[in-house]
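Okay, here's what each chain looks like letter by letter:
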Amino acid sequence: QVQLVESGGGSVQAGGSLRLTCAASGRTASRYPMGWFRQAPGREREFVAAVSWSGGTTYYADSVKGRFTISRDIAKGTVSLQMNGLKPDDTSVYYCAAVRSGTIARIQARDYDYWGQGTQVTVSS
């Protein structure tokens, strides 16, 4: 059984930074393609960033490109999302997710098999 646990959420003023980390447990979880999604109240869950199993390929939503960076530490079994230049529109619950097969990064939520419980990010103006 794979478990994903997010940490690092919080409240910050516009222009500030936060770093989210997702710890994956399970024998092979550290090699799964992984991603970050977010969901604000009354809105659908949306793609934020994704990374391939090796960490060599990354994808970003246009809304965060140039401000957010996804990375992974295979040895530690963690995936991080460095968020700089935060805006009030970034306020959401952020979810870590993993794909249990394949190697490529995915941008569709339906392709992901495991999800964390979410961590709240609040950006004030």
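My aim in this report is to walk through the structure given alongside it, one point at a time. (Residues numbered from 1 in each chain as written. Predicted model: local features only at pLDDT ≥ 70, side-chain atom pairs only at ≥ 80, totals over all residues. Heavy atoms only, no water.)

What the chain contains, in helices and strands, is zero helices and 11 strands. Expected size for 125 residues packed as a compact globule is a radius of gyration near 14 Å; at 13 Å, the chain falls within 12% of this value. Its C-alpha atoms put the chain at 40 × 25 × 25 Å along the principal axes. Taking all 125 residues of the chain together, 43% fall into the buried category. Counted over contacts in the chain with a minimum sequence separation of 6, partners at least 24 positions apart contribute 59%. Surface accessibility of the chain: about 6,400 Å² in total, with carbon and sulfur atoms responsible for 45%. Charged side chains of the chain number 14 positive and 9 negative; the gap between the two group centres comes to 6 Å. (Helix = DSSP H or I, 4+ residues; strand = E, 2+ residues; numbered from the N terminus. Rg over C-alpha atoms; globule rule 2.2 N^0.38 Å. Buried < 20%, exposed > 50% of the residue type's maximum accessible area, 1.4 Å probe, protein only. Contact = heavy atoms within 4.5 Å. Areas by Shrake-Rupley, 256 points an atom, 1.4 Å probe, with all protein chains shown as cover. Lys, Arg positive; Asp, Glu negative; His and termini not counted. Charge placed at Lys NZ, Arg CZ, Asp CG, Glu CD.)

Turning next to the state of the cysteines. Considering all chains together, one arrives at one disulfide under this definition. One disulfide in the model links C22 with C96; its S-S distance is 2.0 Å. Handedness here is read from the sign of the S-S torsion; for C22 and C96, about -75 degrees, the answer is left-handed. With C22 in strand β3 (residues 18-25) and C96 in strand β9 (residues 92-98), the pair connects residues that are 74 residues apart, well separated along the chain. Using a relative accessible area of 0% as the deciding quantity, one classes C22 as buried. (Disulfide = S-S within 2.5 Å.)

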